[in-house]
Amino acid sequence: MESGEAESGEVESRAYAITVAYDGTRFAGWQIQPNGLSVQQLLAEGISKVLGHGVVVQGSGRTDAGVHAEGQVAAFTTSAWGHPSDRLVRAINGHLPRDISVLNCRRVVLGFDPIRQATGKRYRYTIRNSSVPDPLRYQYHWWIPRVLDVAGMVAGASKLIGTHDFKGFETLGSPRKTSVRTVRKLEVREVVRLGGRELWVEIEADGFLYNMVRNIAGALVEIGKGRFSPAWLETLLEGRERDSESQTAPARGLCLMRVDYPESVFLEEASS
């Protein structure tokens, strides 16, 4: 008899957390919606086929149309699975399109909430900064042929580390109780790629406002172009309003890399 299986043959209710990667190019975003295909919808359909019943799949947060993920976390509950968690990975992937993949699965405490119990997230925004375009990754970066001042962007990024009111980097949309967030890390890294370079804007925080990462990336590009000094970002923080001179970076360059949780929510190690 499998662990967790009652004498009657029924399995106790179990909660699972899965780590999901996806190419967001053809999706209307993570969240189920009436007028577009979503990642959440296809995941729910695939998991339901494995378990034999409908499921509610809750993600750690929404990603917009065109945004990608390497480390989205989603959760669901079932009493129809009494096998090891790692077998769910292969089973679910067998019912998913090739632009969505479950990377690992593990049991979590019942009532696990992937949004409220997250302690932090990490995003990467990728800029192709080269006169030579990259035809293999054009859906995953923002191509800017003009040479950007990376030192200026690094100096600007340092202004945003710490606890601040990031209302000036929020696009109107989802209402929040507070726009104060703590940015734990914000780096601009250079990576050699296909005869040119990529700039990775890596940002880790306890939470993010709507379009916060894309707005930060757009502001850093303005500094890189020489339109503003790094101190301009302090002005945006103090003003608490979106600057019409700053653009929102395109969705295709953004990728959710990781979501963090306290170890106490996991009942087993990740399997894949």
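Check the entry above for the structure.
Residues numbered from 1 in each chain as written. Predicted model: local features only at pLDDT ≥ 70, side-chain atom pairs only at ≥ 80, totals over all residues. Heavy atoms only, no water.

1. Here's the deal with the packing of aromatic side chains
- Summed over all chains, the structure comprises 8 aromatic pairs.
- Residues Tyr16 and Phe76 carry aromatic rings whose centres are separated by 5.7 Å and whose planes lie at 25° to one another, so their mutual orientation is stacked. On the criterion of sequence distance, the pair formed by Tyr16 in strand β1 (residues 14-22) and Phe76 in strand β3 (residues 68-78) is long-range, its members being 60 residues apart.
- Judged by relative accessible area, which is 0%, Tyr16 ranks as buried.
- Geometrically, the ring pair formed by Phe112 and Tyr261 is edge-to-face, given 5.2 Å between the ring centres and 65° between the ring planes. Note that Phe112 is positioned in the loop between β4 (100-108) and β5 (120-128) and Tyr261 in the segment after β10 (254-260), a separation of 149 residues in sequence.
- A relative accessible area of 9% means that Tyr261 is categorised as buried. (Phe/Tyr/Trp six-rings, centres within 6.5 Å; stacked < 30°, edge-to-face > 60°. Helix = DSSP H or I, 4+ residues; strand = E, 2+ residues; numbered from the N terminus. Buried < 20%, exposed > 50% of the residue type's maximum accessible area, 1.4 Å probe, protein only.)

2. Overview of helix α4 (residues 212-224)
- Between its first and last C-alpha atoms α4 spans 18 Å; for 13 residues at 1.5 Å apiece the expected length is 18 Å, and the two agree.
- Of all 13 residues in α4, 13 are buried; the element is thus mostly enclosed.
- Immediately downstream of α4, the backbone of Gly226 shows phi near 85°, a positive value. (Expected span 1.5 Å × (residues − 1).)

3. A look at the pattern of salt bridges
- As enumerated under the stated definition, the model contains 15 salt bridges in all.
- The salt bridge involving Arg116 is made with Asp113; its shortest N-O contact spans 3.0 Å.
- Salt-bridge contacts for Asp260 lead to Arg258; the nearest nitrogen and oxygen are separated by 2.8 Å.
- Judged by its relative accessible area of 21%, Asp260 falls in the partly exposed class.
- Linked by salt bridges that have partners in common, Arg122, Arg124, Arg189, Glu202, Glu204, Arg258 and Asp260 make up one network. (Salt bridge = Lys/Arg side-chain N within 4 Å of Asp/Glu carboxyl O.)

4. What to know about the nonpolar core
- Core analysis: the largest hydrophobic core is formed by 74 residues, its most contacted members being Ile18, Leu43, Ile100, Ile127, Phe169 and Leu233.
- With 8 residues, the top contributor of residues to this core is α4. (Core = buried A, V, L, I, M, F, W, Y, C linked by side-chain atoms within 4.5 Å.)

5. Details of the layout of surface pockets
- Considered as a void within the structure, the largest pocket measures approximately 820 Å³ in volume.
- Together, 26 residues line the largest pocket, and Ser60, Gly61, Lys121, Arg176 and Phe208 are the ones closest to its centre.
- Elements supplying a minimum of two residues to the lining of the largest pocket: β5 and α4.
- Tallied by class, the residues present in the lining of the largest pocket amount to 11 nonpolar, 7 polar and 8 charged. (1 Å grid on protein atoms, 1.4 Å probe; cavity = no way out; pocket = protein on both sides within 12 Å on 5 of 7 lines; lining within 4 Å. Points joined across faces, edges and corners; volume = space filled by probe spheres on them. Nonpolar A, V, L, I, M, F, W, Y, C, P; charged D, E, K, R; others polar.)

6. Let's talk about the environment of His68
- Note on placement: His68 falls in strand β3.
- Classification of His68 as buried rests on a relative accessible area of 6%.
- Between the alpha carbons of His68 and Gly94 there is a distance of 21 Å; along the sequence they are 26 residues apart.
- Those residues in contact with His68 that lie beyond four places of it in its chain are Tyr22, Asp23, Gly24, Thr25, Gln139, Tyr140, Arg252, Leu254, Cys255 and Leu256. (Contact = heavy atoms within 4.5 Å.)

7. As for the environment of Leu256
- When you line up the elements, Leu256 lands in strand β10.
- Its relative accessible area of 1% is what places Leu256 among the buried residues.
- Counting along the chain gives 33 residues from Leu256 to Ile223, while the straight-line C-alpha distance between them is 24 Å.
- Setting aside its immediate chain neighbours within four residues, Leu256 contacts Ser60, His68, Ala69, Glu70, Gly71, Gln72, Lys121, Arg122 and Tyr123.

8. With respect to the pairing of β10
- Counted residue by residue, β10 has 5 buried out of 7 residues, so it is predominantly covered.
- For β3 and β10, the ladder comprises 2 bridges, and the chain directions are parallel. Among the inter-strand pairings, His68 is bridged to a residue of β10, identified as Cys255.
- As judged from the 6 bridges shared by β5 and β10, these two strands associate in the antiparallel manner. Bridge pairing in β10 links Tyr123 to Leu256. (Pairing = 2+ DSSP bridges.)

9. Some remarks on the side chain of Thr126
- Looking at where Thr126 falls in the secondary structure, it is placed in strand β5.
- Look at Thr126 and you get buried, because its relative accessible area is 5%.
- Setting aside residues up to four positions removed in sequence, Thr126 forms contacts with Arg137, Tyr140, His141, Trp142, Glu198, Leu199, Trp200 and Gly253.

10. A closer look at unusual backbone geometry
- Of note, Leu194 is a non-glycine position whose phi angle comes to about 50°, a positive value.
- Here Leu194 shows up in the loop between β8 (180-193) and β9 (196-205).
- Using a relative accessible area of 43% as the deciding quantity, one classes Leu194 as partly exposed.
- Despite not being glycine, Asn211 has its phi angle at roughly 65°, a positive value.
- Tracing the backbone through its elements, the reader meets Asn211 in the loop between β9 and α4.

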